[in-house]
Amino acid sequence: MTEQMSVNDNNVSEHTLNVGQHFNDYEQLSKTVNVFCKEHYHPFVIRTRSQKQVLYKCCHGIKQNSKCLGKRPNQHYYYKNCKAQINFYKSKNEKWKLTKLLLNHNHTVGKEEYSNYGKAKIMNENDYETATDLILSSAKDGMVAAVLSKKSGKQFIRKDIQNFRNKLFPSCTEVDQNHLMEFLAEIEENGGIYAIQKDAEEEVESLFVASSAMVLNYNKSQCPVIQIDVSFGFNVENYKVLGFCYYSSITDKSEFAAIGFIAKETYSAFIHCMNEFKKICKTHPSVFLIDKDFIEIKAIRDIFSSATVLLCKFHVIKYIKRLVSTAYNKQIDEKNKILDAFKKCLYAQSYKKYEEQKKKFLDICKSVKVFAGTKDKYVTLEEQFLKNWDSCKEMWVHYFRKHLPLMGDTTTNRIERSFWTLKQYIQTKYHSLPTIYLCIKELIDFIDSRIKNKLAKNKQKVFKIMDNDNEIRKLLEVCSEVLTETGMKLFHKQLKLFKTLESKIKVMANGIEENLETGISKIYNTSLEACSCTFWNSFSAPCRHIFMLRKYNNLDIFSKTCFHPRYITSVGNTESIMNMDIDDEDTNDVDIDDIDKDEFDGCQKVLSDREKFNTALTVTKNIADILSNYGTTTFNKYMNELKLIEKNARNGVSLFENEYSEPTISSIEFETSNLVEAGSCQDSLVGTESQNESDTNHQSNENLKFKTKIKSKGRPKRKTKQIQFYKKQIKTRNKK
């Protein structure tokens, strides 16, 4: 495309450039070229600048050294061998002379194309203030880019706002370290625990954290099953999160008893976290549910020697399915038969049935060769099964876990779902992955607030179940004041079963006899408060056999003594967790029957979600009015004045003892210090007070130094190797 220019030999115009034109100094030259490029949409950039020459070239004519490895061949960059350029030389009279002017581009030049170059997106003062206010108000990058583009006429994209955010709020490692150490010290003061293990380079290898709310809720729940797993993708440094998850009968949700941050999945990191977890347990868990990670299994058995380690059924089937999919010269129907035979082994109800199904499975897979990922590449499925699965059948066969207190857990779906919730929170809180310093604080705060919010809601309501049967409805009304939500669900389920199967259950001298649907009668050793059936062993709640025996002895069907203490509601379960700074951890549980009603009515009222919304609505409107009428500067001033008053009130001094000095936000440093102080630009609308106002009593002399970025090894690399191997295998088959 060719630009036609007007020629003026005598005067220097800001809108024209002509060969032979002179400029007094470099500033005049630079200003003229910039205005010229902006007016006529030329993407010129400085290529050479020396004492005697200044050369402007089109950005599509500068060839850069490519770092491409050929993995993404469809990627493009600026170079198009464009010859357009503007050349200046310094003459003897110390003036700059335009000696060469080529405006012929081999690509399109126009307003729309020019708006996409970085040179056209330079922010002025108004753009800078608008972007800063929007970022401080927790607006997303796409929204900020849309508002700036509409207001300024420049074409901003999300990447531009991300770069601006990084320049506006650079990370400060020392400040983040101090904030994290203060946070961990506060956790320890409130009754929680944290422990750090470092490697030879004095960098953090593993960090174990458990707040007081997490510890109290776990010990009050008395859950015998702990699910352990490791997840990644929480922070920039690639530290993995080790979770200790359980089912809480108090909150009726999956909760974390503690979490650990580990650099690598090593034995020393697991042992460190297991030792610290053992310290917070009043009663050691009897069952650990994990996927087949050998390092985790060894660490658990070394620390909790009496506990039973079980494998997740989902991961067992997933591994075998992946193994069978690599079977050589087998059709899909044959592979499905092999997988079905293995599932029958997995769900065997007795040891005899397991042996029968194992023989059938081995007969099917005798000649089947699978890729096991070893040096030998292909091995027989029979050999693989006998070596790696039959030797540890107690960990995955259903028969061996039938009488364990699993609380209905057979897979690690509980901890997988909890990890997903944490990742969703991080993604909504931050536009990109936070640093490890911010990640630790955010995860612990989120888990604590989740526990307390659920307890507040449970305190506000009484769970009731409606049923068409009048007798069942009366029993449910009686137990609704005593049992938790989980206890009510289990009680109702067994009551319905008892009503439908009552005719098939008989009281015998040696126990309870039940005629099963298969025509086989089974005898259970049942007392008034315990039973030998699978339901009782798994949940520690009364079953239909206990109901039958109590009815036979003319006793009330419902009794608190039949339930495990985890299903009994008590004030101590919630009050000690919600008021951790006041109550003692070892306070005894108090039954609801023993509470004085007048004293209970005098408790502080918990606001509902609607009441919280209405209360916050007026405050939000006032904040919006101040921001729109007076701007961010005045709002920062008011907020810092209020913080100063609050600080004086906490320290017991006069509220207005120190005069407040008005802040200035003309420089970028003020906004940066505000954001680093807050920990994240999404946490508040405005900046906070200066960095060095923290209490020195909470500071620790220990220096926390995390690894900069851990290289991801293991699963992704192994997966890519397997994919490459499968592709080669398909090619060889096609050739044959």
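Residues numbered from 1 in each chain as written. Predicted model: local features only at pLDDT ≥ 70, side-chain atom pairs only at ≥ 80, totals over all residues. Heavy atoms only, no water.

(A) Expanded view of the packing of aromatic side chains. In the structure shown here, the tally under the stated rule is 37 aromatic pairs. Centre to centre, the rings of Phe 535 and Phe 539 are 5.1 Å apart; their planes meet at 35°, and the pair counts as tilted. You can see Phe 535 and its partner Phe 539 sitting in helix H19 (residues 534-539), four residues apart, about one turn around the helix. A residue is classified by how much of its surface remains accessible, and Phe 539, at 18% relative accessible area, is buried. Connected via pairs of aromatic rings, a cluster forms that spans Tyr 319, Phe 342, Tyr 351, Tyr 354, Phe 361, Phe 385, Trp 389, Trp 396, Tyr 399 and Phe 400. Over the aromatic face of Tyr 26 sits the side chain of Arg 49, whose NZ or CZ is 3.8 Å from the ring centroid. Between Lys 423 and the ring centre of Phe 232, over which it is positioned, the NZ or CZ distance is 5.4 Å. (Phe/Tyr/Trp six-rings, centres within 6.5 Å; stacked < 30°, edge-to-face > 60°. Helix = DSSP H or I, 4+ residues; strand = E, 2+ residues; numbered from the N terminus. Buried < 20%, exposed > 50% of the residue type's maximum accessible area, 1.4 Å probe, protein only. Lys NZ or Arg CZ within 6 Å of the ring centre and 35° of its normal.)

(B) Quick look at the sheet that holds strand S16 (residues 511-515). What the three strands build is an open sheet, ordered S15-S16-S17; its pairing is antiparallel. The sheet is open, and its two edges are formed by strand S15 (505-508) and strand S17 (521-524), each paired on a single side. The sheet shows a mean angle of 25° between the axes of neighbouring strands, taken without regard to direction. Bridge count for S15 against S16 is four bridges, and the pairing is antiparallel. Bridge pairing in S16 places Ile 505 opposite Glu 514. (Pairing = 2+ DSSP bridges. Axes fitted to C-alpha atoms, helices over the stretch in contact; angles between N-to-C directions.)

(C) Region of interest: the sheet that holds strand S5 (residues 96-102). Across the sheet, five strands lie side by side as S1-S5-S4-S3-S2; this open sheet has antiparallel pairing. Each having just a single partner strand, strand S1 (22-23) and strand S2 (44-49) make up the two edges of the open sheet. Both S2 and strand S3 (residues 53-58) contribute to a ladder of five bridges, which runs antiparallel. Residue pairing for S3: Thr 48 is matched across the bridge by Leu 55. On the sheet, helix H1 (residues 26-40) packs against S1, S2, S3, strand S4 (85-90) and S5 and is oriented at approximately 10° with respect to S3. (Contact = heavy atoms within 4.5 Å.)

(D) The pattern of salt bridges, seen in detail. Enumeration over the complete set of coordinates arrives at 17 salt bridges. With its nearest N and O atoms 2.6 Å apart, the salt bridge here joins Glu 502 to Lys 551. With Glu 502 in the loop between helix H18 (485-501) and S15 and Lys 551 in helix H20 (residues 544-552), the pair connects residues that are 49 residues apart, well separated along the chain. Through salt bridges that share partners, Asp 252, Glu 485 and Lys 489 make up one connected network. (Salt bridge = Lys/Arg side-chain N within 4 Å of Asp/Glu carboxyl O.)

(E) View of helix H12 (residues 351-364). End to end, H12 covers 20 Å across 14 residues, agreeing with the expected 20 Å (1.5 Å per residue, within 8%). Buried residues along H12 sit in contact with helix H11 (332-346) and helix H13 (381-388). (Expected span 1.5 Å × (residues − 1).)

(F) Summary view of the confidence of the model for the protein. Confidence in the prediction of the protein, expressed as mean pLDDT, is 78, and 76% of residues score 70 or more. Highest mean pLDDT in the protein belongs to strand S12 (residues 308-311) (95); lowest belongs to helix H24 (residues 668-678) (34). pLDDT under 50 marks residues 571-575. Its contacts with residues more than four places away, or in other chains, come to 14 contacts. Every residue in residues 655-701 scores below 50 in pLDDT, and together they form 91 contacts with partners more than four places removed in sequence or on other chains. (pLDDT = per-residue confidence, 0-100.)

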